[in-house]
Amino acid sequence: MGFSFASRISRKRSRNGVVSVFTRHWLGSFVFGAIVATLFFYAVFLSYNLEWASNIDRHSRDARLHELEEQLKALQEQLALPERTASPLSNVACTGKPDPEIPKCEVIHVAIVCAGYNSSRSVVTLIKSILFYRKNPLNFHIISDPVAHLILNALFESWSVPQVEMNFYPADSVVGDVSWIPNKHYSGVYGLLKLTLPKILPRSLEKVIVLDTDVTFATDIAELWRMFANLKHKQALGLVENQSDWYLGKLWKKHRPWPALSRGFNTGVILLHLDKLRSLNWAQLWRSIAERDLITHYLTSLADQDIFNAIIKQHPYLVFTLPCQWNVQLSDNTRSELCYTEVTHIKIIHWNSPKKLKVKNKHIEFFRNLYLTFLEYDGNLLRQELFGCNLTKTTRKDEELSKLNEEDVCYEFRRACINNYRTHLYLLDYDYEPTPDGYDVTLVAQLSMDRLQMLETLCKHWDGPISLTFYMSDAEAQQFLSYALNSEFLNRRKNIGYHIVYKEGNFYPVNFLRNVALRQVNTPYVFLTDIDFLPMFNLYSYIRRSLQVLDVNGGKKALVVPAFETQRYRITFPQSKAELLSMLDMGSLFTFRYHVWTKGHAPTNYAKWKIATTPYKVQWEPDYEPYIVVRKDIPEYDTRFVGFGWNKVSHIMELEAQGFEFIVLPNAFIIHMPHAPSFDIAKFRSSAHYRNCLKILKNEFVKDLEKRYAKFYQTVVVR
């Protein structure tokens with residue numbers, strides 16, 4: 001009777017897809033207790049009725065007891081099965097044997113389709129969560145568009161995580177295989193590319209874990225990799241059941257989803273056995289089924305997931321059902337709470353809704369906090385070495401560090417200049433094509449969090465393209481992202497490239513930051529300035545006209561934009577040169593640094609500028625550091641100069657060594673706005689050791705310059 005009752009409950013659970021953990025345990029305990037009681041009373045009955053028992057064949061009695069014991073053992077194992085799978089929504093077969101351990105140096109392969117700026121941000125958080133728990137080498141296979149390739153390649157080259165390899169595959173090479181499929185999912189054509197993975201990934205790759213960019217790990221990915229051992233015979237796909245009613249067709253009237261087995265399967269996490277799929281002629285299989293179902297369904301609503309489910313409906317032998325805690329789906333109309341009784345059971349969180357972190361779930365605060373932890377986690381802490389695996393490659397930084405002498409008094413300065421700072425290019429969308437006339441110009445600058453208040457004002461003064469590098473922690477980068485997305489003004493501008501260099505070490509890598517911004521310029525010319533200067537209104541248009549008139553293409557010319565400053569936090573910004581001259585006379589404006597660093601801008605010849613109506617040439621002098629407009633293919637800034645001192649001077653000096661002419665624009669100006677002194681200036685002013693090391697670096701730079709440029713100035717005096 002107990003077995004019959006248990007089997008009916010099991011069938012009901014299979015039909016409905018849901019039985020609460022409490023109910024399952026209660027029923028199990030009831031049935032188990034009933035059988036134990038039966039055995040107990042049977043034993044008592046046998047012992048107290050010896051006369052009756054003596055008439056029973058001893059062999060038959062022992063056989064019956066053995067049969068009951070075997071039934072009890074079988075039922076105990078049956079009731080324990082849901083505990084091992086811990087997945088009320090899963091019908092995964094279980095052998096009772098633990099998944100085999102994988103060797104600690106076995107490489108785990110992960111495939112991700114990533115396209116565009118937003119997905120590139122998302123995939124970073126995903127990879128952080130994987131790196132946090134991982135104990136094995138990893139090889140990521142990224143199918144990407146040119147934007148994601150640029151961003152992620154730069155990020156991971158600069159991140160330099162030991163025993164992590166990145167391989168990129170151009171999405172364009174397989175987009176044509178799926179672009180014929182009408183798809184209304186927000187992922188667009190890239191949401192269909194997982195169908196092409198057996199084709200685009202190397203044939204030497206046997207199996208791979210496939211992940212959406214919007215998942216977050218809460219455990220070691222090796223646990224998932226081990227589950228490949230459970231795929232038997234022709235099983236080539238490991239998937240978690242869909243946790244919404246989408247494929248049941250009950251969400252709204254006339255809802256006609258694609259065909260699926262029962263609730264269907266979610267493709268945010270896939271164990272993909274590539275060899276088995278290739279042996280089945282996968283490309284022909286999925287295409288023929290997609291063509292057939294598109295006749296009646298017209299388009300896909302859930303991209304590749306619809307087609308995967310249609311295939312599984314027709315070929316159910318292909319799928320192995322993963323326990324649902326491996327893809328806890330947080331979207332509307334899901335029953336993800338049924339996957340776990342404790343949050344410690346959760347393996348992977350999947351934000352599979354356009355609402356993302358705003359989705360409804362009774363444990364949403366826990367899920368959101370876990371996600372935010374990885375979002376803001378210092379990625380530099382994930383550079384840990386996996387000991388015992390001989391897979392680490394020697395990096396350029398390792399080679400440079402090996403050459404340094406730790407007894408050198410300026411060791412910390414030298415170490416800082418060879419840091420390979422983790423860099424995330426284009427944190428936000430960038431969409432700008434240079435003007436066709438060949439004279440377009442991009443403003444280039446760098447900043448940290450304490451200068452963020454200057455950003456909106458700068459953008460109001462300069463309507464042309466901008467390339468900015470921010471020096472921030474992971475947490476600060478997220479604060480900036482929130483600020484930019486919520487700024488109505490910045491959100492409209494798509495011609496600003498925001499690049500993040502993540503904090504590392506004790507020095508502000510000012511020239512490294514400038515170089516990052518300089519490399520991402522796509523216009524022929526750059527305006528090299530600092531974030532605390534406001535350009536005059538319409539400076540962008542004026543510079544473009546000046547570039548055409550002066551025919552800068554004809555030689556090495558640097559156009560100087562004269563710099564001024566104010567001590568007042570609030571001024572009426574001059575609308576013209578005439579207004580600026582009036583403010584100079586009144587004492588509300590001054591030539592830049594005239595009272596503390598005259599040499600920095602004296603060669604600009606402000607007296608001549610006041611009366612000039614045409615551009616004029618000036619001679620370079622030591623310590624000159626003007627703000628200039630030049631072609632973008634100039635030498636980069638020297639990264640040995642970190643913090644405060646000689647970072648711009650050295651760059652201008654190299655331009656002079658290359659033979660550049662300095663031409664002052666007569667109707668251009670920028671104004672420095674007051675702010676609190678930076679930490680690096682404070683260190684320079686208070687530390688004799690700092691100033692001494694800066695002097696040493698100056699002398700070394702000049703000697704290097706003399707070696708590279710034979711006709712350099714012998715009269716240069718470095719103080």
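Residues numbered from 1 in each chain as written. Predicted model: local features only at pLDDT ≥ 70, side-chain atom pairs only at ≥ 80, totals over all residues. Heavy atoms only, no water.

(A) Representation of the overall build of the chain. Helix and strand counts for the chain come out as 25 helices and 23 strands. Here the chain holds 719 residues, and the buried ones make up 54% of them. If you sum the accessible surface of the chain, you get close to 33,400 Å²; carbon and sulfur atoms cover 53% of it. (Helix = DSSP H or I, 4+ residues; strand = E, 2+ residues; numbered from the N terminus. Buried < 20%, exposed > 50% of the residue type's maximum accessible area, 1.4 Å probe, protein only. Areas by Shrake-Rupley, 256 points an atom, 1.4 Å probe, with all protein chains shown as cover.)

(B) Broad picture of the sheet that holds strand E7 (residues 265-273). Strand order in this open sheet of seven strands is E3-E2-E1-E4-E7-E6-E8, and the pairing throughout is mixed. Only two strands of the sheet have a single partner each, and these edge strands are strand E3 (164-170) and strand E8 (319-322). Direction aside, neighbouring strands of the sheet carry axes that sit 25 degrees apart on average. Relative to E7, strand E6 (residues 237-241) runs antiparallel, the two being bridged by four bridges. Bridge pairing in E7 links valine 240 to asparagine 266. Contacts from helix H12 (residues 304-314) reach E6, E7 and E8, with the element oriented near 65 degrees to E7. (Pairing = 2+ DSSP bridges. Axes fitted to C-alpha atoms, helices over the stretch in contact; angles between N-to-C directions. Contact = heavy atoms within 4.5 Å.)

(C) Examining the nonpolar core more closely. Formed by 114 residues in total, the largest nonpolar core has its most connected members in Leu468, Phe470, Phe480, Phe527 and Leu539. By residue number, the principal contributor to this core is helix H25 (residues 688-708), which donates seven residues. Setting aside residues no more than four positions away along its own chain, phenylalanine 470 makes contact with Leu447, Leu452, Leu455, Phe480, Tyr498, His499, Ile500 and Val501. Leu138, Leu152, Phe156 and Leu322 belong to the second-largest nonpolar core, a separate cluster that totals 57 residues. (Core = buried A, V, L, I, M, F, W, Y, C linked by side-chain atoms within 4.5 Å.)

(D) Expanded view of the state of the cysteines. The tally for this structure, following the rule as stated, stands at two disulfides. For cysteine 410, the disulfide goes to cysteine 693, at an S-S distance of 2.1 Å. Its torsion about the S-S bond being -100 degrees, the disulfide of cysteine 410 and cysteine 693 is classed as left-handed. Within this pair, whereas cysteine 410 is found in the loop between helix H14 (396-403) and helix H15 (411-417), its partner cysteine 693 is found in helix H25, the two being separated by 283 residues in sequence. Its relative accessible area of 0% is what places cysteine 410 among the buried residues. (Disulfide = S-S within 2.5 Å.)

(E) Summary view of the pairing of strand E15 (residues 525-528). In E15, alternate side chains face the same way, and those of Tyr525 and Phe527 on one face and Val526 and Leu528 on the other are all buried. Sheet topology note: the strand E12 (residues 441-448)/E15 ladder contains four bridges and is parallel. Residue threonine 442 lies in a different strand from E15, and its bridge partner there is valine 526. Relative to strand E21 (residues 627-631), E15 runs antiparallel, the two sharing four bridges. Note on E21: the bridge partner recorded for valine 526 is valine 630.

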